[in-house]
Amino acid sequence: DITQAKYNGNKLMVGDNLDIKVTGYDEIAIKPFNLNTISQINSNGETGSASGDLSYTIDKEGEINFPTLGKIKAEGLTVDELKTDLENRLKKYLVEPIVIVKQNELKLTFLGEFNKKGQVSYTNEKMNILQAIALGGGTNDNANLKNIRLIRNVDGTDQTVTLDLTDYNISNSPYYYIQNNDILY
């Protein structure tokens, strides 16, 4: 049997930055649910096309303040779970709303025996540990591939795990997929 770790998505955390856009059949009805429209109405007194989307930051209570809907819990959810939650809430106001959620500023930190040390940004939400190491420039000759450590914040607590990259079963590990703000060393 061939098995592989299940990708569950990045868990959203306090401080994460999100682009959220609501679309649907009725362009006028969706306007109150998009930050760019609201900001233009407020600043110009009239509507028009936006030059760019504004973003949401998850506050210290783990919530975003969404137009019309108010405070919505986002911390601990994945991007897909937040999308589904928002679509369900919007059905009260819109017919078949479509919500697009994008997590911005994904970061990964490399310490120790990686060729590229420090924090790097990435865009692939479904990046695995091997792709991450390539992003870090690979390892130098002093690296012990049987002893790669990953630090991940889970529910406000840092957890450290040791990974053996020489084990072909690494793809079955629950740590195979990188999460935003992981640290590798």
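This structure is a prediction, so every number in the text was calculated from the model and none was measured.

Caption draft 1: Structural view of the overall build of the protein. What the protein contains, in helices and strands, is four helices and 10 strands. Listing every helix and strand of the protein by position from the N terminus yields β-α-α-β-β-β-α-β-β-β-α-β-β-β. The buried share of the protein, reckoned over its 185 residues, is 37%. When contacts within the protein are restricted to residue pairs at least 6 apart in sequence, long-range pairs at least 24 apart make up 57% of them. Of the roughly 10600 Å² of accessible surface on the protein, 48% is carried by carbon and sulfur atoms.

Caption draft 2: Quick peek at the confidence of the model for the protein. Mean pLDDT for the protein: 88, with 89% of residues reaching 70 or above. The low-confidence segment residues 40-52 (pLDDT under 50) makes 11 contacts with residues lying over four places distant or belonging to another chain.

Caption draft 3: Focus on the environment of Glu105. Along the chain, Glu105 turns up in the loop between strand 5 (98-104) and strand 6 (106-110). If near-sequence neighbours (up to four positions away) are discounted, Glu105 is found in contact with Asn17 and Asn180.

Caption draft 4: Broad picture of the sheet that holds strand 6. Ordered in space as 7-6-10-8-9, the five strands form an open sheet in which the pairing is mixed. A strand with exactly one partner marks an edge of an open sheet, and here the two such strands are strand 7 (118-122) and strand 9 (157-163). Taking each pair of neighbouring strands and ignoring which way they run, the sheet shows an average axis angle of 25°. Summarising the sheet, strand 8 (residues 148-154) and strand 9 pair through seven bridges and their orientation is antiparallel. Counted as the bridge partner of Val154 is Thr157 from strand 9.

Caption draft 5: Representation of the pattern of salt bridges in the model. Evaluation of the coordinates by the stated rule reveals six salt bridges. Ionic pairing is found between Glu75 and Lys73, a salt bridge with its closest N-O pair at 3.7 Å.

Caption draft 6: Structural view of the layout of surface pockets. When its volume is computed, the largest pocket comes out at roughly 560 Å³. No other element matches strand 8, which puts three residues into the lining of the largest pocket.

Caption draft 7: Highlighting the sheet that holds strand 5. Strand order in this open sheet of three strands is 2-1-5, and the pairing throughout is antiparallel. Strands at the two margins of the open sheet, each flanked by one partner only, are strand 2 (56-57) and strand 5. Strand direction decides the pairing type here: strand 1 (residues 17-23) and strand 5, joined by seven bridges, are antiparallel. Looking at strand 5, one finds that Leu18 is bridged to Gln103. In this fold helix 3 (residues 79-90) packs onto strand 1 and strand 5, with an angle of close to 150° to the strand it touches most, strand 5.

Caption draft 8: Quick look at unusual backbone geometry. Although it is not a glycine, Glu96 sits at a positive phi angle of roughly 45°. Mapped onto the elements, Glu96 comes out in the loop between helix 3 and strand 5. On the basis of relative accessibility, which here comes to 52%, the residue Glu96 falls in the exposed class. Of note, the phi angle at Asn181 is positive, near 75°, even though the residue is not glycine. With respect to the element layout, Asn181 can be found in the loop between strand 9 and strand 10 (182-184). According to the relative accessible area criterion, Asn181 is partly exposed, its value standing at 35%.

Caption draft 9: Quick peek at the nonpolar core. Residues Leu108, Ile129, Leu150, Ile178 and Leu184 are the most contacted members of the largest nonpolar core, which totals 21 residues. Of all the secondary-structure elements, those providing two or more residues to this core are strand 6, strand 7, helix 4 (129-135), strand 8 and strand 9. With sequence-adjacent residues up to four places away left out, Ile129 is seen in contact with Leu150, Leu163, Leu165, Ile170, Tyr175, Tyr176, Ile178 and Leu184. Counting residues in each nonpolar core, the second largest holds 20 residues, with Leu12, Leu18, Ile58 and Leu69 among its members.

Conventions adopted
- Residues numbered from 1 in each chain as written.
- Predicted model: local features only at pLDDT ≥ 70, side-chain atom pairs only at ≥ 80, totals over all residues.
- Heavy atoms only, no water.
- Helix = DSSP H or I, 4+ residues; strand = E, 2+ residues; numbered from the N terminus.
- Buried < 20%, exposed > 50% of the residue type's maximum accessible area, 1.4 Å probe, protein only.
- Contact = heavy atoms within 4.5 Å.
- Areas by Shrake-Rupley, 256 points an atom, 1.4 Å probe, with all protein chains shown as cover.
- pLDDT = per-residue confidence, 0-100.
- Pairing = 2+ DSSP bridges.
- Axes fitted to C-alpha atoms, helices over the stretch in contact; angles between N-to-C directions.
- Salt bridge = Lys/Arg side-chain N within 4 Å of Asp/Glu carboxyl O.
- 1 Å grid on protein atoms, 1.4 Å probe; cavity = no way out; pocket = protein on both sides within 12 Å on 5 of 7 lines; lining within 4 Å.
- Points joined across faces, edges and corners; volume = space filled by probe spheres on them.
- Core = buried A, V, L, I, M, F, W, Y, C linked by side-chain atoms within 4.5 Å.

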